[in-house]
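In case you want the letters, here they are:
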Amino acid sequence: MAKKKEDVEDTEQRLKKYAWKISHYLNQKANRDKKVQLSLYALSMLYVHVYMGFVLTAKCPEDYLIQLKMLREEMDNVISSIDSNEFTEHTWLGLLSVLSIRLKHFMEFIGHCYGIDLDMEIAIPFAVPDGTSELVLDLDLLEPLSDLSADKPIGEQSMEVLGAFRAYIAKLSDFIYRKSGQDWHVPLALLVLPVIELHRMMMVVLKDVCPDLQLQAHGKALETILGEVMKFFRGKAKPGKDEVTRLFDMIAYRLKYFLEFLALCLGEDLELKVETGEGGAPQISIVRCRLLPPQDSQEGGEAHGGEG
């Protein structure tokens, strides 16, 4: 068990290095604009919250909605600061700190939903100038609880917040794209970075819970895809549409398989579908989600390492 835990930790650290390289590329293109660094971190936070909704809403719907509403409060401040001419170093550090605290509490909530008692340590990302997270600094601060409306179903309230998140994602993505000189690598970078962060985050949360369900194998499957992604970043000439579509599909199916695995570890039978969305970007939707008898959640869980 100890060896498996070490293997998972090693894989998580290798994924972090990939995230750093991609974030570093974008930051260089944007002349190390601190608003871009903040936007990259905020964007991954938004996507991770959205992606985990596929897994968590069946088991922990009310608590998940509270997490969404808390993040929405912080994202309102992020968006306002990016639009403001009064953005300072103090603003940057303060918002990165707040988002890091939010990440800490979200990971602890996920652990609670899985039946794990976690006390996470999160490094404020300004310690890593590219804006990626490092899971080492204690930020054990209290947070307020957001009120839930008794007049609307939980699912309807969640969809309203997720709709706001989609608007935030579009705004932040456009901002990063423009500040990066409309570089043709940006759409792929913004697709793959949140997928890396999701794998890293859940490898930390679940390393003591689901090692026998091939947690490390999912990390290695993502590493294989990232090898292809880095070829894309090293290339000088813009690749053809078919090659770009292939990479987008590989990342989307990796996300699909990982979320289905996370659901299985939580005791759910989740089947997701990947489709081509607006602008050619892949979209994921639920085909089936049902709770499994307790013993079934501990069986299976293939990593689908050869997708793409």
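Above this note sits the structure.
Because the structure is a prediction, the values reported are computed rather than measured. (Residues numbered from 1 in each chain as written. Predicted model: local features only at pLDDT ≥ 70, side-chain atom pairs only at ≥ 80, totals over all residues. Heavy atoms only, no water.)

A. A look at the overall build of the protein chain. Tallying secondary structure elements over the protein chain gives eight helices and four strands in all. When the helices and strands of the protein chain are read in sequence order from the N terminus, they spell out α-α-α-α-β-β-α-α-α-α-β-β. Buried positions account for 54% of the 308 residues belonging to the protein chain. Of the contacts formed within the protein chain by residues at least 6 apart in sequence, a portion of 75% connects residues at least 24 apart. (Helix = DSSP H or I, 4+ residues; strand = E, 2+ residues; numbered from the N terminus. Buried < 20%, exposed > 50% of the residue type's maximum accessible area, 1.4 Å probe, protein only. Contact = heavy atoms within 4.5 Å.)

B. Focus on the side chain of Asp269. The residue Asp269 is located in strand E3 (residues 268-276) in this model. Sequence-distant contacts of Asp269, defined by excluding residues within four places in its chain, comprise Arg288, Cys289, Arg290 and Leu292.

C. Highlighting the pattern of salt bridges. Applying the stated criterion across every chain, the model contains 18 salt bridges. For Lys104, the salt bridge identified is with Glu108, shortest N-O distance 2.7 Å. Pair noted here: Lys104 and Glu108 are both in helix H4 (residues 89-113), with a separation of four residues, about one helical turn. The class for Glu108 is buried, based on a relative accessible area of 15%. Asp174 serves as the salt-bridge partner of Arg178, at 2.9 Å between the closest nitrogen and oxygen. Of the two residues, Arg178 and Asp174 are both situated in helix H5 (residues 154-179); the distance of four residues between them amounts to about one turn of the helix. By relative accessible area, Arg178 is classed as partly exposed at 45%. One connected set of salt bridges, linked through shared partners, spans Asp269, Glu271, Arg288 and Arg290. (Salt bridge = Lys/Arg side-chain N within 4 Å of Asp/Glu carboxyl O.)

D. Quick look at the packing of aromatic side chains. Summed over the entire model, instances satisfying the criterion amount to eight aromatic pairs. Judged by centre distance (5.2 Å) and plane angle (80°), the rings of Tyr25 and Phe233 are edge-to-face. Here Tyr25 is found in helix H1 (residues 2-29), whereas its partner Phe233 is found in helix H7 (residues 215-234), with 208 residues between them in sequence. Residue Phe233 is classed as buried on the basis of its relative accessible area of 9%. With 6.0 Å between their ring centres and 25° between their planes, Phe258 and Phe261 make a pair best called stacked. Residue Phe258 and its partner Phe261 are located together in helix H8 (residues 241-265), separated by three residues, close to a single helical turn. Residue Phe261 is classed as buried on the basis of its relative accessible area of 2%. Within the aromatic cluster, the residues linked to one another by ring pairs are Tyr25, Trp184, Phe232 and Phe233. Here the basic side chain of Lys21 rests over the ring of Tyr18, its NZ or CZ set 5.8 Å away from the ring centre. Sitting above the plane of the Trp92 ring, Lys34 keeps its charged end 4.8 Å from the centroid. (Phe/Tyr/Trp six-rings, centres within 6.5 Å; stacked < 30°, edge-to-face > 60°. Lys NZ or Arg CZ within 6 Å of the ring centre and 35° of its normal.)

E. Quick look at the state of the cysteines. If you walk through the whole model with that rule in mind, you get one disulfide. Between the sulfur atoms of Cys60 and its disulfide mate Cys113 the distance is 1.9 Å. The S-S bond linking Cys60 to Cys113 shows a torsion near 105°; that makes this disulfide right-handed. Here Cys113 lies in helix H4 and Cys60 lies in the loop between helix H2 (34-56) and helix H3 (61-83), a separation of 53 residues in the sequence. Look at Cys60 and you get buried, because its relative accessible area is 12%. (Disulfide = S-S within 2.5 Å.)

F. Examining the nonpolar core more closely. Counting 98 residues, the largest nonpolar core has Met52, Leu56, Tyr114 and Met202 as its most contacted members. With 16 residues, helix H6 (residues 186-206) is the single largest residue contributor to this core. (Core = buried A, V, L, I, M, F, W, Y, C linked by side-chain atoms within 4.5 Å.)

G. A look at unusual backbone geometry. With a phi close to 55°, Asn31 is a non-glycine residue in the positive phi region. Tracing the sequence through the fold places Asn31 in the loop between H1 and H2. A positive phi is found at Gln182, a non-glycine position, where the angle reads about 55°. Looking at the element boundaries, Gln182 is found in the loop between H5 and H6.

H. Layout of the packing of H3 against H5. Two elements in contact, H3 and H5, have axes separated by 10 Å at closest approach and are oriented at 30°. The angle between H3 and H5 falls in the class roughly parallel. The two elements H3 and H5 meet at a crossing, and its hand is left-handed. Grouping the amino acids of the contact of H3 with H5 by side-chain chemistry returns 16 nonpolar, two polar and seven charged. (Axes fitted to C-alpha atoms, helices over the stretch in contact; angles between N-to-C directions. Parallel < 35°, antiparallel > 145°, perpendicular 65-115°, else oblique. Left-handed = near helix turned anticlockwise from the far one by under 90°. Nonpolar A, V, L, I, M, F, W, Y, C, P; charged D, E, K, R; others polar.)

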